[in-house]
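One letter stands for each residue in the lines below.
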Amino acid sequence: MHRCVLVGVNAKYVHTNLAVRYLKAAAGEGVEICEVTINDRVENIVDRLLRLEADSYGFSCYIWNMDHIRRITEVLKKSLPEAVIFWGGPEVSYDAGALIKSFPWVDYIVAGEGETVFPKFLRALAAEDQTALRALPSVWGRDFDGQSLAVVDNLDALKFPYTKADLDTLKGKIIYYESMRGCPFKCSYCLSSTLKQVRYLPLDRVLEELDFFIDAGVRQVKLVDRTFNVDLKRTKAIVSHLINRGGATNFHFEMAGDLFDEALLALIETAPKGLMQFEIGIQSTWEPTLSAITRKTQLDRVAANVRRLVSFKNCHVHVDLIAGLPQEDYGRFGKSFDDAIALGADMLQLGFLKLLKGTKIREEADRYGYRFADFPPYEVIANDFISARELHRLKDIETVLDRYYNAGIFKETLSWLLASGHWAAPFAFFEAFADYWRAQGYFDVGVSRDQLYAYLLAFLRQEIQDTAETGRLEALVKYDYLCQGHKSLPVFFKDHRPSKTESFELLKNEALVQVCLPELRDQAAKWRIRQVFFQYFDKGVLKKLGLTDKTGGSPGLCVFYEGSCRLVPEKFTEGVCQ
């Protein structure tokens, strides 16, 4: 029997590869999967593959792993010349003929959606039947060209790519799933716009397979459907099923922000917290840019719907922008940034345009003066509207945005800071803070979590001259720090808390524990004190945070337990030094 190993080279250990699982399910016996990451050494990966002693090795190729795959396959082929090496995936499907001539260690490229052609391809390899291989229109060889990309017309003909045994080996990892392929829209930067019309799995099959993940205890299922809510009736049926089914599995959906209707929003509002999360592409709020990339979207509906989702507080909401799109210069991108961050989403991903093979925007590169890297991921360097220096400055802003806003560990500080008026707009704040990081050299060294707080404090002290205002902001930074579960303070914070003796006495008060720390009521004070951290805050700061004593006072003492802040009513703090 011909033995084939399908290799998934993932971006991170927590990721999994859906494509190789579909191919294995389609081919049946004689195929096994090997998953590695781009962080693994080439020598170690090749050693692992050699030990599998396969007749052929197939690689799933994407922009994030192509460089690594080129090195792996060169070393593998030179180590095992008799083995057949083949590539597949979106990164090699649009210029297969040129690639196979450029890389002599690759024997074949399978272009397009490979599930239907793959079993035939393997049978031809096993039989060493060159005539059969040449007859496959989506296969390119060293001395022959294919004719077209393979497309799967009937998704229901594909076998479910997961087994219970497979999931048992993937505990804690993200599981990828698709209920549809293709996209009805024609965004010029996206490969999905080049595919055949949208194709769906039958609804009853989708519900059954989602139940399979829930029953298996999968932590997160990420649907790779490009526009999950393009068919609202179908979307509501799936969302309703997940809500009624329950379970601990989180489901991630990519949604078009303007395609929600009131019924879908009302349904999502009833979902248990953590059941679903949504990724919504905004890309730009500049109409000339949206027109240039043939992206049809109603921005007012997007904004209103994202705000509604955020207001539910039961689902993580992630929005995207793309820097380097046509017609949008640096200043106008800043306006898109401000528009997006004003929506209050949990995460704002600042991405950079990739001019992917096969996309319309790559074909239009000369029209907009694009300069982009010739190697994966083909990222924009400059165009007629934004310079290379400006894009590099946006990369600095992206780093600071990820570490402070997207990390979710400075929520109260940023909420107050961005509305404070000290900077003209959120983009101006992140721009100034990123420039500060650059001037201090922080981008060039490793930065710890505690240092993030120290750098922000130093920046605020430098930029804000109002002592009272900086004092309030320092208190907020400290509050955010303690809300991460810390039970001590670094030296750059002012530590203002009761003495150890006073803290012990407070925790001996059973009435206080019943009000503030009911989880610890069965423990002795000597154990309680190891799990909590007391800190005084200015009453004005607590009031702005909405943390006021329901008994009528406005207390200054807080106790932090497992990342949550509990107010200590004033009646319990009489006689305690402040």
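Here we summarise the structure given alongside this text. (Residues numbered from 1 in each chain as written. Predicted model: local features only at pLDDT ≥ 70, side-chain atom pairs only at ≥ 80, totals over all residues. Heavy atoms only, no water.)

1. A look at the environment of valine 317
Note the following rule: A run of H or I in DSSP counts as a helix once it spans at least four residues, and a run of E counts as a strand once it spans at least two, with each numbered from the N terminus. Only protein chains enter the accessibility calculation, which uses a 1.4 Å probe; a residue is then buried when its area is under 20% of its type maximum, exposed when over 50%, and partly exposed in between. In this description, contact between two residues means that some pair of their heavy atoms is separated by no more than 4.5 Å.
Structurally, valine 317 can be placed in strand S13 (residues 316-323). Judged by its relative accessible area of 0%, valine 317 is buried. Filtering out sequence-adjacent residues up to four positions away, valine 317 remains in contact with Phe278, Val306, Leu309, Val310, Ala345, Asp346 and Met347.

2. Looking at the sheet that holds strand S5 (residues 108-110)
The test is simple: Strand pairing is defined by DSSP finding a minimum of two bridges between the two strands. Each axis is a line fitted through C-alpha atoms, and for a helix only the stretch in contact is used; angles between axes span 0 to 180 degrees, taken between their N-to-C directions.
What the six strands build is an open sheet, ordered S2-S1-S3-S4-S5-S6; its pairing is mixed. Both outer strands of the open sheet, strand S2 (31-37) and strand S6 (139-141), are each paired with one neighbouring strand and no more. Strand-to-strand twist in this sheet, taken as the mean axis angle between neighbours without regard to direction, amounts to 20 degrees. Across five bridges, strand S1 (residues 4-10) lies against strand S3 (residues 56-60) in parallel orientation.

3. With respect to the nonpolar core
A general feature of soluble globular proteins is that nonpolar side chains tend to end up buried together. In plain terms, the rule: We call a set of buried Ala, Val, Leu, Ile, Met, Phe, Trp, Tyr and Cys residues a nonpolar core when their side-chain atoms join them within 4.5 Å.
By size, the foremost hydrophobic cluster in this structure holds 127 residues, and its most contacted members are Ile268, Phe337, Leu394, Tyr404 and Trp437. Setting aside anything within four residues of it in sequence, one finds tryptophan 437 in contact with Val400, Arg403, Tyr404, Tyr442, Phe443, Val447, Leu452 and Tyr455. Judged by nonpolar contacts, the second largest core, of 32 residues, contains Val5, Ile72, Val92 and Trp105.

4. Looking at helix H16 (residues 388-406)
This is how it is decided: Bend, at a single residue, is the angle you get between axes fitted to the 7 residues ending at that residue and the 7 residues starting at it.
Its axis deflected by about 25 degrees at valine 400, H16 carries its strongest bend there. When we look at burial in H16, the residues that qualify are Leu391, Leu394, Asp396, Ile397, Val400, Leu401, Tyr404, Tyr405 and Asn406.

5. Some words on unusual backbone geometry
Each neighbour pair has its own omega, and for proline 376 with proline 377 the value is 10 degrees, a cis peptide bond. Tracing the backbone through its elements, the reader meets proline 377 in the loop between strand S15 (371-372) and strand S16 (380-382). A positive phi angle, close to 50 degrees, is found at glutamate 128, a residue other than glycine. Inspection of the secondary structure puts glutamate 128 in the loop between helix H6 (118-127) and helix H7 (130-134). Exposure remark for glutamate 128: the relative accessible area of 71% places this residue in the exposed category. In this structure, glutamine 327 is a non-glycine residue whose phi angle is positive, near 75 degrees. On the basis of relative accessible area, glutamine 327 is assigned to the partly exposed category, the value being 33%.

6. Looking at helix H3 (residues 66-79)
The test is simple: Under the convention used throughout, the expected extent of a helix is 1.5 Å for every residue step, that is, one less than its residue count. Taken from the helix axis, the directions to the C-beta atoms give the arc we talk about.
The end-to-end C-alpha distance of H3, which contains 14 residues, comes to 20 Å, matching closely the 20 Å that a straight helix rising 1.5 Å per residue would cover. Turning to H3, its buried residues number three or more, namely Met66, His68, Ile69, Ile72, Thr73, Leu76 and Lys77. The buried residues of H3 occupy one face: seen down the axis, they fall within an arc of 150 degrees. Those residues of H3 that are buried lie in contact with S1, S2, helix H2 (42-52), S3, strand S4 (84-88) and helix H4 (90-93).

7. Focus: the state of the cysteines
In plain terms, the rule: For the purposes of this analysis, a disulfide is any pair of cysteine sulfur atoms at a distance within 2.5 Å.
Counted by the stated rule, this structure contains zero disulfides. For cysteine 61, which is in no disulfide, the shortest distance to another cysteine sulfur is to cysteine 4 and amounts to 13 Å. A relative accessible area of 0% places cysteine 61 in the buried class. Of all cysteine sulfurs in the structure, the one in cysteine 183 sits closest to cysteine 190, which takes part in no disulfide; the separation is 6.3 Å.

8. Comments concerning the packing of H2 against H3
Which entries qualify depends on this criterion: Relative orientations are named as follows: roughly parallel for angles under 35 degrees, roughly antiparallel for angles over 145 degrees, roughly perpendicular for angles from 65 to 115 degrees, and oblique for any other angle. By convention the crossing between two helices is left-handed if the near helix lies anticlockwise of the far one by an angle smaller than a right angle, and right-handed if it lies clockwise.
Put simply, H2 and H3 touch, their axes get as near as 9 Å, and they point 50 degrees apart. Between H2 and H3, the crossing angle belongs to the class labelled oblique. Crossing of H2 over H3 shows right-handed handedness. Across the interface between the two elements, Val42, Ile45, Val46, Leu49 and Leu50 from H2 touch His68, Arg71, Ile72, Val75, Leu76 and Ser79 from H3.

9. Thoughts on the side chain of glutamate 113
Short version of the rule: Within 3.5 Å is the distance limit for a polar contact, defined as a pair of N or O atoms, with the added protein rule that one can donate a hydrogen and the other accept it, and that residues adjacent in sequence qualify only through two side-chain atoms.
With respect to the secondary-structure elements, glutamate 113 resides in the loop between S5 and H6. The class for glutamate 113 is buried, based on a relative accessible area of 13%. For glutamate 113, the side chain forms a polar contact with the side chain of arginine 181, separated by 3.4 Å.

10. What to know about the packing of aromatic side chains
Threshold: Pairing of aromatic rings covers Phe, Tyr and the six-membered ring of Trp, with a centre-to-centre limit of 6.5 Å; geometry is then stacked below 30 degrees between planes, edge-to-face above 60, and tilted otherwise.
Here the structure, examined in full by the defined rule, presents 46 aromatic pairs. Seen from their ring centres, phenylalanine 212 and phenylalanine 213 are 6.2 Å apart, and the 65 degrees between their planes marks the pair as edge-to-face. Its relative accessible area of 25% is what places phenylalanine 212 among the partly exposed residues. A relative accessible area of 0% means that phenylalanine 213 is categorised as buried. Measuring from centroid to centroid gives 6.4 Å for phenylalanine 433 and tyrosine 436, while their planes differ by 25 degrees, and the two rings are stacked.

11. Topic: the sheet that holds strand S11 (residues 250-255)
In space, the six strands of this open sheet follow the order S7-S10-S11-S12-S13-S14, with parallel pairing throughout. Only two strands of the sheet have a single partner each, and these edge strands are strand S7 (174-177) and strand S14 (347-352). The mean angle between the axes of side-by-side strands here comes to 25 degrees, regardless of whether they run parallel or antiparallel. In the packing of helix H9 (residues 203-215) onto the sheet, contacts are made with S7, strand S10 (220-223) and S11, and the angle to S7 comes to roughly 170 degrees. Across the sheet, H16 touches S13 and S14, and the angle it forms with S14 is around 155 degrees.

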